[in-house]
Amino acid sequence: MGTVTPRSVLRYETWTLQPDREPDAEPVLYAMQCAVDGEASPSSEDFAEPQNWVLRHCGQNPSHHTYREIITRPWRTWRQM
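Attention in this report is confined to the structure presented alongside it.

Cut-offs used in this document
- Residues numbered from 1 in each chain as written.
- Predicted model: local features only at pLDDT ≥ 70, side-chain atom pairs only at ≥ 80, totals over all residues.
- Heavy atoms only, no water.
- Salt bridge = Lys/Arg side-chain N within 4 Å of Asp/Glu carboxyl O.
- Helix = DSSP H or I, 4+ residues; strand = E, 2+ residues; numbered from the N terminus.
- Buried < 20%, exposed > 50% of the residue type's maximum accessible area, 1.4 Å probe, protein only.
- Phe/Tyr/Trp six-rings, centres within 6.5 Å; stacked < 30°, edge-to-face > 60°.

So, the pattern of salt bridges
Should their charged atoms come close, side chains of opposite charge can pair.
Here comes step 1: A full pass over the atoms with the stated rule returns three salt bridges.
Here comes step 2: The partner of Arg79 in a salt bridge is Glu13, with the nearest N and O atoms 3.4 Å apart. A residue pair is termed long-range when its members are at least 10 positions apart, and Arg79 in strand β4 (residues 75–79) and Glu13 in the segment before β1 (15–19) qualify at 66 residues.
Here comes step 3: Judged by its relative accessible area of 34%, Arg79 falls in the partly exposed class.
Here comes step 4: What makes Glu13 partly exposed here is its relative accessible area of 32%.
Here comes step 5: Its salt-bridge partner being Arg76, residue Glu22 comes within 3.7 Å of it at the nearest N-O pair. On the criterion of sequence distance, the pair formed by Glu22 in the loop between β1 and β2 (29–34) and Arg76 in strand β4 is long-range, its members being 54 residues apart.
Here comes step 6: The exposure class assigned to Glu22 is partly exposed, which follows from its relative accessible area of 39%.
Here comes step 7: When its relative accessible area of 28% is taken as the criterion, Arg76 is described as partly exposed.
Here comes step 8: Each of Arg11, Glu13 and Arg79 takes part in salt bridges that share partners, so that together they form one network.

Right under this line is the structure:
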């Protein structure tokens, strides 16, 4: 038999994951989606705008009572040494 040589090396590392709160991070965005017809509000950094969209939408569609909150939050990872 010939010489055995390694084909790969595994290295286990510890990573950390957390919301990105750095000054250059993307903003947190909020939106609302109607669960009845799938329509969604525009995304906004201010949650009041999607809330106002819901109130207008349910006023125009009185049978639409169920909504989903959609939050887009930036996250970051880094390797711990």
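What to know about the packing of aromatic side chains
Here comes step 1: If you walk through the whole model with that rule in mind, you get two aromatic pairs.
Here comes step 2: Ring geometry for Tyr30 and Phe47: centres 5.5 Å apart, planes at 75°, overall edge-to-face. Residue Tyr30 is found in strand β2, and its partner Phe47 is found in the loop between β2 and α1 (48–60); the two are separated by 17 residues along the sequence.
Here comes step 3: Ring plane angle 90° and centroid distance 6.3 Å describe the contact between Trp53 and Tyr67, whose orientation is recorded as edge-to-face. One end of the pair, Trp53, is in helix α1; the other, Tyr67, is in strand β3 (residues 67–72), with 14 residues separating them in the sequence.
Here comes step 4: Exposure remark for Trp53: the relative accessible area of 11% places this residue in the buried category.
Here comes step 5: With relative accessibility at 19%, the residue Tyr67 sits in the buried group.

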